[in-house]
Amino acid sequence: MSLCDDTLLCNFPKCRAKLSGFAWVTACSHAFCDQHGSAEFSRSPATCPACSSALSGKLDIVRTELSPSEDFKAMVLAGLRPDVVLDISTRALAFWSYQVYQERMYQEYSLSRAEIQLKQLEKLLVQQNQSREIELSAMRGEITSLKKVLEEYKRKYGEVSERLMEKSRQYQKLQGLPQQVSPQRSPQFHRHDGESQFFSCLNGDGLKTHFPFNSPAKEKACKFKRH
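Nothing here was measured: the structure is a model prediction, and the numbers come from that model.

## Examining the overall build of the protein
Scanning the protein for helices and strands turns up four helices and five strands. Classification of the 227 residues of the protein by burial places 14% in the buried group. The long-range fraction of contacts in the protein, counting pairs at least 24 apart against all pairs at least 6 apart in sequence, stands at 42%. Carbon and sulfur atoms provide 57% of the accessible area of the protein, an area that totals close to 19400 Å².

## Digging into unusual backbone geometry
A cis amide bond links S44 with the next residue in sequence, P45, at an omega value of 0 degrees. Note on placement: P45 falls in the loop between α1 (34-40) and β3 (61-65). One non-glycine residue, S52, lies in the positive phi region at around 65 degrees. Structurally, the position occupied by S52 is in the loop between α1 and β3.

## A closer look at the confidence of the model for the protein
Chain-level pLDDT for the protein is 82 on average; 76% of the residues reach the 70-or-more range. This stretch, residues 192-213, has a pLDDT under 50; its non-local contacts, to residues over four places away or in other chains, come to 22 contacts.

## What to know about helix α3 (residues 82-176)
The end-to-end C-alpha distance of α3 is 135 Å, a good match for the 141 Å that 95 residues give at a rise of 1.5 Å each. For α3, every residue scored as buried is listed here: F95, Q99, V100, Q102 and E103. Each element contacted by the buried residues of α3 is listed here: β1 (22-26) and β2 (31-33).

## Observations concerning a nonpolar patch on the surface
A surface patch of nonpolar side chains, about 270 Å² in accessible area, is lined by Y98, Y101 and M105. Here Y98 shows up in helix α3. Accessibility expressed as a relative area gives 31% for Y98, which makes it partly exposed.

## Details of the nonpolar core
Ranked by internal contacts, the top residues of the largest apolar core, which has 16 residues, are C10, L19, F32, F41 and L55. At the level of secondary structure, the elements contributing two or more residues to this core comprise β1 and β2. Aside from chain neighbours lying at most four places away, what touches C10 is C15, R16, A17, L19, A31, F32, C33 and H36.

Thresholds applied
Residues numbered from 1 in each chain as written. Predicted model: local features only at pLDDT ≥ 70, side-chain atom pairs only at ≥ 80, totals over all residues. Heavy atoms only, no water. Helix = DSSP H or I, 4+ residues; strand = E, 2+ residues; numbered from the N terminus. Buried < 20%, exposed > 50% of the residue type's maximum accessible area, 1.4 Å probe, protein only. Contact = heavy atoms within 4.5 Å. Areas by Shrake-Rupley, 256 points an atom, 1.4 Å probe, with all protein chains shown as cover. pLDDT = per-residue confidence, 0-100. Expected span 1.5 Å × (residues − 1). Patch = residues over 30% accessible without salt bridge, like charges linked within 9 Å, V, L, I, M, F, W, Y side chains within 5 Å. Salt bridge = Lys/Arg side-chain N within 4 Å of Asp/Glu carboxyl O. Core = buried A, V, L, I, M, F, W, Y, C linked by side-chain atoms within 4.5 Å.

Next comes the structure, spelled out in structure tokens:
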């Protein structure tokens, strides 16, 4: 509530609703909405929810209409002496001034708490930023180290590739050389008596040689064996 605001606020903790209709006012200069006033002041002994003051007097708690009718305003102070009227008005203005002062104190308290929370959040933000910078620096160092490892692997891969290409060229050269034919031996046949003998033609009557023709030397040898 500001100085130019004409609306009171409920003094019940965590309520602070704008008062309208009926309100409960106390001798300790506090005001409450109809809901919280009815609930709090129905108990005995009654105490103020705002300052915990004992309200045992008959007129320590009053339920009043905030927007009285014209008839009420015309008759409520009628017949009273001017000093009484001024005294009542002075007390009513003092009540209002206290509400304004109380609201100002509450706003200053809220502002102070907000500033404290803001400083705490700023400190936490600075700490988080420092932590992120440390993590970022560590990650940058790790990236640099990994780049070095990658370069080393690339170098080794290049060396292995060069050696592999050289081996491939040597292998291709070897594949291009002519093949040397090794001399083949004559077939060897084993007789039943364990002796081995090399034949250029087959033994026995009626058996033919491997070739369709016989040289003169072979025919002569065969005739000699038949005799």
